[in-house]
Amino acid sequence: MPPTPKPPAPPNPSNGAIAAAFEELGDLYELDGAIIHRVVAYRSAARAVRDAPVSVAALAREGRATELSGIGETLQQKIVELADTGTLAAAEKLRSRFPPGLIDLTRLPGMGPKRARRLFDELGLASLEALREAAAAQRLRGLRGFGAKFEETVLAALDAGVAERTAPRFLLHRALGQAERLVEGLVAAGGPEVRVEVAGSARRMADSVKDLDIVAAGADPALLTSALAELDVVESCERTGDAGARARAHTGLAIDFRVVEHDQFGNLLQHLTGSKEHNMALREAAVRRGLHVSEYGVLEDASGETHRCSVEEEVYRLLGLAYIEPELRENRGELEAAALDGPGALPELVRAEHLRGDLHCHTVASDGRNTIEQMALAARERGYEYLAITDHSASHGFGNDVSPDELRRQIERVTEANAAIEGIELLAGSEVNIMPDGGLDYDDDLLAELDWVIASVHTAFGMDEREMTDRIITALEHPLVDALGHPTGRLIERRVPYAVALDEVIDAAARTGTMIEINSNPDRRDLAEGPARAAAHAGVPILINSDAHGTNTLSVVRWGVATARRAWLSAANVANTLPYQRFAALRKRAGKG
DNA sequence: GCCGTTTTCGGCCCGACTGTTTTCAGTCG
Ligand SMILES: Nc1nc2c(ncn2[C@H]2C[C@H](O)[C@@H](COP(=O)(O)OP(=O)(O)OP(=O)(O)O)O2)c(=O)[nH]1
Ligand SMILES: [Mg+2]
Ligand SMILES: [Mg+2]
Ligand SMILES: [Zn+2]
């Protein structure tokens, strides 16, 4: 007689769900007045979980989640509790004491957990609406530490709708466009000695940015801040201090501007480039060496001397570290790898000049704007050795479909263009739709006539994770699928990735010899940096592709290169840095299998 | 709550800015 089947274990919570639970619990503990370091521990644990490339719930069940920096025994148990019961008892308890509206209050500028808690305790305020009424009735000023000015700013923020919508983040390419004009204007105003640079998440080439952080030195701060306010891109200056200014561009993008003396420029640039997590870890490590880092210098306990650094390299050198490229400064292992006396090493990051080809672009055959010849010449102009022409496939909508017969003619046209145009190898390819069942929308005979197939999901995004993962893995197992295009379908700040278990997709790509694309469209940058790092680590050849729909967008690989660099990739991880013959041999269809 | 080239306990990055604080707390970056 078979043993009675155990009830199926509930599915493990995703890393995102665990991270959200820790963030919420951190917020609740903060409202509860817990010591701030405990709150910070929850937040850094949340980040460690979110960044982890594997299921942290599965790790915790094996007792191995503590291998992640920031997760100890207590939090490992909480992960198991969340996986087993679907909730955290500690959070349940605190949720019953603090209504959800209380957390909403802290979305207002100047309103943190301490003030929100006092408004709740002393005035019973537990929602934005109740706060508005109390402020309008001038009931806040009766409390110690609150005044008329505070009531004013609360009402102004509520009227401006700050509470309803979260402040939008700007895509990197839009932010950098504005940054260029700001830097130019400040350099023009500051005179020949001035140094101005973009810092913050924009310098780190993040997917999107909350604000533009700009640093300057070598000119009078008052002169620079007034010049900033006068620039045509700047709408208003919100406040000006001795150290800099806070302004807003006409686009709505906030600007953080800081100025120091010329010999502190390296200190300030290092500080304002961040990230916050990188800075905190760097400063903690420095303290252990008897050094104190700030944007003004590095104070040495032993001598009492403050070392000013005019360049960033000097800051890192003082701390016994190799220079760290801005894209790596996220406290994801770069400080350990940079230690000059340690065993690790930083990667030699891939650069745009390394790229020798592009394996995803469109022409007038589907929704592109240029012909095969025009795309080929533009690619050659960029110095490429090869280009794959990959128009959409038979089932693509919007009148951009390419029927099997049309694809046969397209193959002939590519072959002719390849013969006619010197100095670049053209691959006859297709961006083939992955159908809901994982099948492709051309026959294998036709796919075999192509030089290159990149397969992508363009329909039925709403499938559940299991179905979507199986769908994509089925496509990866097809011997004529050379690469997977934009693997999650995300649009940065606009559309979340479809549900898919990327760790399984990455394993399947590694197993089947399928390449994975980083689509460089600045709205996509898909595969994102986290999974791209995991994919490269698993040995999957990565492609940095433009998905250009015209000759003028081949250059968007700049953004894909940025994502690759943030993923710690070197040229050796990126297949389209190879010379053509070696690239061609790496395609699945060229394989000996 | 985490963590360790002085520690398994006692620390935990550092500064700008604001408001009402008579000497600094709270918030933010
Ligand atoms: N040492 C230290 N530096 C910080 C802290 N918070 C922020 N910074 C530094 C590092 C950040 O990159 C820099 C700019 O802050 P931002 O809030 O603008 O963040 P960042 O530009 O990294 O991202 P974002 O603007 O959100 O896209 O200031 C902190 O708590 N400590
Ligand atoms: Mg910023
Ligand atoms: Mg900022
Ligand atoms: Zn596509």
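Since the structure is predicted, the reported quantities are computational estimates derived from the model, not experimental observations. (Residues numbered from 1 in each chain as written. Chains lettered and ligands numbered in written order. Predicted model: local features only at pLDDT ≥ 70, side-chain atom pairs only at ≥ 80, totals over all residues. Heavy atoms only, no water.)

A few words now on the protein's contact with DNA strand B. If you check the shell around DNA strand B, you find 37 residues, and the closest are Gly70, Gly72, Gly147, Glu284 and His292. Near the protein, meaning within 4 Å, the atoms of DNA strand B are sugar or phosphate in a fraction of 79%, with bases accounting for the rest. Side-chain polar atom of Tyr296 to a phosphate oxygen of DNA strand B: 2.8 Å apart, as the coordinates give it. Those elements that provide at least two residues to the surface near DNA strand B are α2 (36–51), α4 (73–85), α7 (113–123), β7 (254–260), α14 (276–288) and β8 (291–294). Among the residues making up the surface near DNA strand B, the classes are represented as 15 nonpolar, 11 polar and 11 charged. (Near = heavy atom within 4 Å. Polar contact = N/O pair within 3.5 Å; in protein donor to acceptor, adjacent residues only side chain to side chain. Helix = DSSP H or I, 4+ residues; strand = E, 2+ residues; numbered from the N terminus. Nonpolar A, V, L, I, M, F, W, Y, C, P; charged D, E, K, R; others polar.)

Protein coordination at the magnesium ion (ligand 2) comes from Asp211 (OD) and Asp213 (OD), with a distance range of 1.9 to 2.1 Å. A separation of 3.5 Å is found between the magnesium ion (ligand 2) and the magnesium ion (ligand 3), which are bridged by Asp211. With relative accessibility at 3%, the residue Asp211 sits in the buried group. Among the residues examined, Asp213 registers a relative accessible area of 8% and is labelled buried. (Donors = N, O, S within 2.8 Å, 3.2 Å for Na, K, Ca; no water. Buried < 20%, exposed > 50% of the residue type's maximum accessible area, 1.4 Å probe, protein only.)

A few words on the pattern of salt bridges. Applying the stated rule across the entire model yields 48 salt bridges. Salt bridges sharing common partners tie together Arg47, Asp51, Arg204, Glu277, Glu330, Arg332, Glu529 and Arg566. (Salt bridge = Lys/Arg side-chain N within 4 Å of Asp/Glu carboxyl O.)

Only Glu431 (OE), His458 (NE2) and His486 (NE2) from the protein reach the zinc ion (ligand 4) as donors, at distances of 2.1 to 2.2 Å. Mapped onto the polypeptide sequence, the residues donating to the zinc ion (ligand 4) form the spacing pattern E-x26-H-x27-H. With Glu431 in strand β13 (residues 425–433) and His486 in the loop between β15 (483–484) and α21 (502–512), this residue pair connects regions lying 55 residues apart in the sequence. You can call His486 buried: its relative accessible area is 2%.

Where empty space is left can be seen by rolling a probe of water-molecule size over the atoms. Space inside the second largest pocket adds up to approximately 380 Å³. Every residue lining the second largest pocket is counted, 25 residues in all, and those nearest its centre are Asp367, His392, His458, Arg524 and His549. Here the residues of the lining of the second largest pocket sort into 6 nonpolar, 13 polar and 6 charged. (1 Å grid on protein atoms, 1.4 Å probe; cavity = no way out; pocket = protein on both sides within 12 Å on 5 of 7 lines; lining within 4 Å. Points joined across faces, edges and corners; volume = space filled by probe spheres on them.)

What follows deals with the domain arrangement of chain A. Under the domain assignment used here, chain A contains domain 1 (15–95), domain 2 (102–159), domain 3 (170–260), domain 4 (267–338) and domain 5 (352–592). Each of domain 4 and domain 5 has a C-alpha centre, and the two are 40 Å apart. Listed per partner, the contact involves 8 residues of domain 4 and 5 residues of domain 5. The contact between domain 4 and domain 5 buries some 660 Å² in all, and 45% of this surface belongs to carbon and sulfur atoms. Taken together, the links from domain 4 to domain 5 amount to 4 salt bridges. (Domains from an automatic or database assignment. Contact = heavy atoms within 4.5 Å. Buried area = accessible area lost by both parts, 1.4 Å probe.)

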